[in-house]
Amino acid sequence: MKSITIKGSQRESVGKASTKALRNAGKVPCVLYGGDKPFHFSANELAFRNLVYTPNAHTVVIELEDGQKLKAVLQDIQFHPVTDKILHIDFYQLFNDKPVTMNIPIRLEGNSPGVKNGGRLLFRKRKLSIKALPDLLPDFITIDISQLKIGGTIPVETLLNDDYTILHPDSTAVVQVKASRTSVDDEEEEEEETEGAEGTEAAAEGAAAEGGAEAPAAEAKE
């Protein structure tokens, strides 16, 4: 999984006055959990732009002024109810030998024949909660919908992987195609295509039969 580097400064004071001063200076107070004790630091609000305002999942490398680098994931974020400015962020520290839980986005690829026939594509789960070691966290999970017909469903059980554990019931629907008023049943379309092909073959056989009847007559004339 791709990492975003956040340059931060350790906070010596965590009182209300210092927190207000940080926000007035365009910085965001943060806390890193998961280690021996909570670690307080701050970083410029603009540094979180590519982490917060994106549908993609990323890990974070917190780079401190003393050269220390801490790997983490975003755990919680608070926004101002009026201005939507970031007020506070909680991070969880990552260790290579300890599994972590993250919400990973789903990407669809291919064209669904069910949608082509007028069905409605329902994207039930745009993200899945998975548990894995940090080095095995995927950037996203890809689902091929090129075989998804009307009435079809792709559940979690079809996405199981040895690298991570999906924290949803196996029967959970991730994406499915429902019938609509204008939809055509996939099997009906296949039957129509088959009938069309059979009609073409019959016409071709009829033409061949006519040609075959003329040939013996020519031979008899000789």
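Residues numbered from 1 in each chain as written. Predicted model: local features only at pLDDT ≥ 70, side-chain atom pairs only at ≥ 80, totals over all residues. Heavy atoms only, no water.

Enquirer: Explain the sheet that holds strand 8 (residues 120-123) here, please?
Expert: Strand pairing in a sheet relies on backbone hydrogen bonds. The paired strands run either parallel or antiparallel. Strand order in the open sheet made by the 3 strands is 8-13-11, with antiparallel pairing throughout. The open sheet has two free edges, formed respectively by strand 8 and strand 11 (153-155), since each of these has just one partner strand. Going from strand to strand, the sheet's axes swing by 10° on average, the running direction of each strand aside. Where strand 11 lies against strand 13 (residues 173-178), 3 bridges are found, and the strand directions are antiparallel. Counted as the bridge partner of proline 155 is alanine 173 from strand 13. (Pairing = 2+ DSSP bridges. Helix = DSSP H or I, 4+ residues; strand = E, 2+ residues; numbered from the N terminus. Axes fitted to C-alpha atoms, helices over the stretch in contact; angles between N-to-C directions.)

Enquirer: What exactly am I supposed to notice about the pairing of strand 9 (residues 127-132) here?
Expert: In regular strands, side chains alternate between the two faces of the sheet. Taken together, the 6 bridges between strand 7 (residues 100-109) and strand 9 define a ladder with antiparallel strand orientation. When the sheet's bridge partners are listed, threonine 101 is paired in strand 9 with lysine 131. Across 2 bridges, strand 9 lies against strand 12 (residues 165-166) in antiparallel orientation. Within strand 12, the residue paired with lysine 131 across the bridge is threonine 165.

Enquirer: I would appreciate a short explanation of the environment of valine 177 in the present structure.
Expert: The residue valine 177 is located in strand 13 in this model. When its relative accessible area of 1% is taken as the criterion, valine 177 is described as buried. Put simply, valine 177 and glycine 118 are 59 residues apart on the chain and 9.5 Å apart in space, counted from C-alpha to C-alpha. The contacts of valine 177, once residues within four sequence positions are left out, are Ser112, Gly114, Val115, Gly119, Arg120, Leu121, Leu148, Lys149, Ile150, Gly151 and Gly152. (Buried < 20%, exposed > 50% of the residue type's maximum accessible area, 1.4 Å probe, protein only. Contact = heavy atoms within 4.5 Å.)

Enquirer: For this particular structure, what's the right way to read unusual backbone geometry?
Expert: Unlike most non-glycine residues, aspartate 84 shows phi in positive territory, near 65°. In this fold, aspartate 84 is placed in the loop between strand 5 (69-79) and strand 6 (86-93).

Enquirer: What should I look at first to understand the pattern of salt bridges in this one?
Expert: Two side chains carrying opposite charge are able to pair once their charged atoms lie near each other. The final tally for this structure, using the stated rule, is 2 salt bridges. A salt bridge links lysine 85 to glutamate 45, with the nearest nitrogen and oxygen atoms 3.0 Å apart. A residue pair is termed long-range when its members are at least 10 positions apart, and lysine 85 in the loop between strand 5 and strand 6 and glutamate 45 in the loop between strand 3 (39-44) and helix 2 (49-52) qualify at 40 residues. A salt bridge links lysine 71 to aspartate 135; the shortest N-O distance between them is 3.8 Å. Taken together, the residues lysine 71 in strand 5 and aspartate 135 in the loop between strand 9 and strand 10 (141-144) connect sequence positions 64 residues apart. When its relative accessible area of 27% is taken as the criterion, lysine 71 is described as partly exposed. (Salt bridge = Lys/Arg side-chain N within 4 Å of Asp/Glu carboxyl O.)

Enquirer: Would you explain the packing of aromatic side chains in this entry?
Expert: Any pair of aromatic rings gets described here by the distance separating the centres and the angle formed by the planes. Applying the stated criterion to the full structure yields 3 aromatic pairs. Ring plane angle 35° and centroid distance 5.9 Å describe the contact between phenylalanine 41 and phenylalanine 91, whose orientation is recorded as tilted. Within this pair, whereas phenylalanine 41 is found in strand 3, its partner phenylalanine 91 is found in strand 6, the two being separated by 50 residues in sequence. Clustering of aromatic rings is evident, with ring pairs tying together Phe39, Phe41, Phe48 and Phe91. The cationic tip of lysine 98 hangs over the ring face of phenylalanine 95; the distance from NZ or CZ to the ring centre is 4.9 Å. The residue whose ring lies beneath arginine 107 is phenylalanine 140, and the NZ or CZ to ring-centre distance is 3.9 Å. (Phe/Tyr/Trp six-rings, centres within 6.5 Å; stacked < 30°, edge-to-face > 60°. Lys NZ or Arg CZ within 6 Å of the ring centre and 35° of its normal.)

The values are spatial; any link to function lies outside them.
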